[in-house]
Amino acid sequence: MAKRSAPEVNAGSMADIAFLLLIFFLVTTTIEVDSGIQSKLPPPVPDDVQPPKIKQKNIFQVLVNQNNQLLVEDELMEIGDLTDAAVAFLDNGGGEGPAGCNYCQGAKDPESSDNPDKAVISLVNDRQATYNMYATVYNELVRAYTILRNRESNRRYNESFEDMYTRYKEWPETEKETPEYDKLSEQIDEIRDLFPLKLSEAEPQES
Amino acid sequence: MSKFKKQKSGDLPAVNTASLPDIVFMLLFFFMVATVMREDELKIDNKLPNANQVEKLESKNKLVYIYIGKPSAQYQKTYGVTDVIQLGDKISTVEEVQTYVNTKRNDMPEDIQDEMMVSLKVDSSSKIGVLTDVKQELREAMALKINYTAKKGDPMRNVKQ
């Protein structure tokens, strides 16, 4: 018998199969990765525990009413000014002696916060306010902290806090044992401690 | 000479499509790699607000999603027009949040249960009331790491429409 070559497999339908798969993945794809504002809820409080007393001057009160209006320290405010007001409050450093703040550059107004560690931003929302407004207010308040952290980080390490944090997050998994990584993580903790995020949301009230 | 004559005769030659599968496969692989399967089928309107203080969310297996918003048009007959909560594939009540979160937590591998994060996907036009209730429930369930999922963008666009 003469040697016969094996018959060629018809690959014409290969494209069809691939197309089918392609279309399936096209339809199910959502390319964007979710991102969001991180936050932490306080653990549930037992009924018999009294909340700690905080001096009035160390509280920065932000109120959103049902018409989405913003009331900051009992005064109406445009949302665009909120970050600046929060920065001024946090950075005030009006305390004396050990309660002071040697890295603050604020007005040192004795009527405002003692130091960033004591300063608390209190956020109260009406239930009828929209989430749009809430998210914006929350974002602006977090931005105030970021601005201050960036400033301090730039002063100390010549690198903004955000850049440092991105570097920290994107550190290659295999090189996490190195002293550089530990140092970076220490620096981040240090900056965070200088301006700890103290954003308190009031317990919802029965109405 | 006959070599040259031969080409003139005959019909237009067909375009060689042998490499078509390769091209399609290349596209296919791109989409396979870039694909994130849609988690849940949304029964509510869910337009996220803009924010610029956002962080990328970590690995999906640590996330639990809670959606809040108005039911979309075809579900308004069943669920009304006020803000509702969607857990997984179905519209739920506030009371079910704790059970849902605890179930999800128990489904996770033991070592990452503490790192569980709740992603709150709240429609930008919904009222805060429902969100406040959900947050109270999450506190009770000790699911304290939360995330207000938002699009990266200028937050001022939220308020000036």
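Please refer to the structure higher up on the page.
Keep in mind it's a predicted model, so treat the numbers as computed, not measured.

A.B. asks: How should the pairing of strand β5 (residues 120–125) of chain A be read in this particular structure?
C.D. replies: Consecutive residues of a regular strand have side chains that alternate between opposite faces of the sheet. Residues and elements named next belong to chain A. Across six bridges, the pairing between strand β2 (residues 59–64) and β5 is parallel. Its bridge partner being in β5, Val62 is matched across the sheet by Leu123. The pairing of β5 with strand β6 (residues 199–201) spans three bridges and is classified as parallel. Bridging across to β6, Ser122 finds its partner in Ser200.

A.B. asks: Explain a nonpolar patch on the surface to me, please; I cannot follow it from the model alone.
C.D. replies: Nonpolar side chains collect at one region of the surface, where Phe19, Ile23, Leu26 and Val27 of chain A together with Leu20, Ile23 and Leu27 of chain B lie side by side and expose about 610 Å² of accessible area between them. Counting only elements with at least two residues in the nonpolar patch, the list comes to α1 (14–28) of chain A together with α2 (20–34) of chain B. One can find Ile23 of chain A in helix α1.

A.B. asks: Explanation requested: the packing of helix α3 (residues 131–157) of chain A against helix α5 (residues 179–194) of chain A in the structure shown.
C.D. replies: When two helices pack together, you describe them by how their axes are tilted relative to each other and by the distance separating the axes. All names here are of chain A. For the pair α3 and α5, the least separation of the axes is 10 Å and the interaxial angle reads 130 degrees. Between α3 and α5, the interaxial angle falls into the category oblique. As α3 packs across α5, the resulting crossing turns out to be right-handed. Between α3 and α5, the residues in contact are Arg149, Glu152, Ser153, Arg156 and Tyr157 and Gln187, Glu190, Ile191, Arg192 and Leu194, respectively.

A.B. asks: Would you explain the side chain of Asn58 of chain A in this entry?
C.D. replies: All names here are of chain A. Position of Asn58 relative to the elements: it lies in the loop between β1 (35–40) and β2. Looking at Asn58, the relative accessible area reads 3%, which means it is buried. In this structure the side chain of Asn58 is engaged in a polar contact, spanning 2.8 Å, whose partner is the backbone nitrogen of Asp114.

A.B. asks: How do you make sense of the packing of aromatic side chains when you look at a structure like this?
C.D. replies: Aromatic rings in a pair are described by how distant their centres are and how their planes are angled relative to each other. All names here are of chain A. Per the stated rule, a full pass over the model turns up 15 aromatic pairs over all chains. Measuring from centroid to centroid gives 5.0 Å for Phe60 and Phe89, while their planes differ by 25 degrees, and the two rings are stacked. Of this pair, Phe60 sits in strand β2 while Phe89 sits in helix α2 (residues 82–90); the two residues are 29 residues apart in sequence, bridging distant segments of the chain. Ring-pair connections join several aromatic residues into one group, and the members of that group are Phe161, Tyr165, Tyr168, Trp171 and Tyr181.

A.B. asks: What am I meant to see in the environment of Val45 of chain A here?
C.D. replies: Residues and elements named next belong to chain A. Relative to the helices and strands, Val45 is located in the loop between β1 and β2. The class for Val45 is partly exposed, based on a relative accessible area of 45%. The spatial distance from the C-alpha of Val45 to the C-alpha of Ile191 is 29 Å, given a sequence separation of 146 residues.

A.B. asks: Please clarify how the nonpolar core should be interpreted in this entry.
C.D. replies: A general trend in soluble globular proteins is that nonpolar side chains are found buried together. Val62, Ile121 and Val137 of chain A together with Ile66, Leu120 and Leu138 of chain B are the most contacted members of the largest nonpolar core, which totals 70 residues. The leading source of residues in this core is α3 of chain A, at eleven residues. Once residues within four sequence positions are removed from consideration, Val137 of chain A is found in contact with Val62, Val64, Leu70, Ile79, Leu82 and Leu123 of chain A.

A.B. asks: I keep staring at the packing of helix α4 (residues 161–169) of chain A against α5 of chain A and nothing clicks. Help me out?
C.D. replies: Residues and elements named next belong to chain A. Running from N to C, α4 and α5 cross one another at 140 degrees; their axes reach a closest spacing of 10 Å. One way to sum up the angle between α4 and α5 is to call them oblique. As for how α4 packs across α5, the hand of that crossing is left-handed. Along the contact surface, α4 presents Phe161, Met164, Tyr165, Arg167 and Tyr168, while α5 presents Tyr181, Leu184, Ser185, Gln187, Ile188, Ile191 and Arg192. Among the residues making up the contact of α4 with α5, the classes are represented as eight nonpolar, two polar and two charged.

A.B. asks: Mind showing me how you'd approach the sheet that holds strand β3 (residues 70–72) of chain A here?
C.D. replies: Paired through their backbone hydrogen bonds, the strands of a sheet run either parallel or antiparallel. Residues and elements named next belong to chain A. An order of β4-β3-β2-β5-β6 is seen for the five strands of this open sheet, with the pairing classed as mixed. Both edges of this open sheet fall to β4 (75–77) and β6, since each of them pairs with a single strand only. Taking each pair of neighbouring strands and ignoring which way they run, the sheet shows an average axis angle of 30 degrees. Sheet contacts for α3: β2, β3, β5 and β6; angle to β5, the most-contacted strand, approximately 175 degrees.

A.B. asks: Explanation requested: the environment of Ile112 of chain B in the structure shown.
C.D. replies: Residues and elements named next belong to chain B. Assignment of secondary structure puts Ile112 in the loop between α4 (96–107) and β6 (117–122). A residue is classified by how much of its surface remains accessible, and Ile112, at 12% relative accessible area, is buried. For the pair Ile112 and Lys62, spaced 50 residues apart in sequence, the C-alpha separation works out to 7.0 Å. Residues within four places of Ile112 in sequence aside, it is in contact with Asn61 and Lys62.

What counts as what
For every chain, the first residue of the written sequence is number 1, and numbering continues from 1 along that sequence. For this description, chains carry letters from A and ligands carry numbers from 1, given in the order in which they are written. In keeping with the predicted nature of the model, local features appear solely for residues at pLDDT of at least 70, side-chain atom pairs appear and are counted solely at 80 or more, and the whole-chain, interface and lining totals rest on all residues. By convention in this description, side-chain values take in all heavy atoms of the structure and omit both hydrogens and water. Whether two strands pair comes down to DSSP finding at least two bridges between them. Helix and strand definitions here come from DSSP, where helices need a minimum of 4 consecutive H or I residues and strands a minimum of 2 consecutive E residues; each element is numbered from the N-terminal end. To count toward a patch, a residue needs a relative accessible area above 30% and no salt bridge. Like charges then connect within 9 Å, nonpolar side chains (Val, Leu, Ile, Met, Phe, Trp, Tyr) within 5 Å. Here the accessible surface of atoms and residues is derived via Shrake-Rupley with a 1.4 Å probe, and residues count as covered only by protein chains that are part of the display. Salt bridges are identified by distance alone: a Lys or Arg side-chain nitrogen within 4 Å of an Asp or Glu carboxyl oxygen. Where helices are involved, their axes are fitted lines through C-alpha atoms of the stretch in contact, as for all axes, and angles between N-to-C directions lie from 0 to 180°. Each angle receives one of four descriptions, namely roughly parallel if under 35 degrees, roughly antiparallel if over 145, roughly perpendicular if within 65 to 115, and oblique otherwise. It is the rotation of the near helix from the far one that decides the hand of a crossing: anticlockwise by less than a right angle makes it left-handed, clockwise makes it right-handed. Any two residues whose heavy atoms approach within 4.5 Å at even a single point are treated as in contact. Relative accessibility decides the category of a residue: with a 1.4 Å probe and only protein chains considered, values under 20% of the type maximum give buried, values over 50% give exposed, and everything between is partly exposed. Two N or O atoms form a polar contact when they lie within 3.5 Å of each other; inside protein one atom must be a possible hydrogen donor and the other a possible acceptor, and for residues adjacent in sequence the pair counts only when both atoms belong to side chains. To pair, rings of Phe, Tyr and Trp, with the six-membered ring standing in for Trp, must have centres within 6.5 Å; the planes then decide the type, stacked if under 30 degrees apart, edge-to-face if over 60, and tilted in the middle. Within this scheme, the nonpolar core is defined by two criteria: the residues are buried Ala, Val, Leu, Ile, Met, Phe, Trp, Tyr or Cys, and they are joined through side-chain atoms within 4.5 Å. Side-chain classes follow a simple rule in which Ala, Val, Leu, Ile, Met, Phe, Trp, Tyr, Cys and Pro form the nonpolar group, Asp, Glu, Lys and Arg form the charged group, and the remainder, Gly included, forms the polar group.

By themselves, these are just geometric observations and shouldn't be taken as functional.
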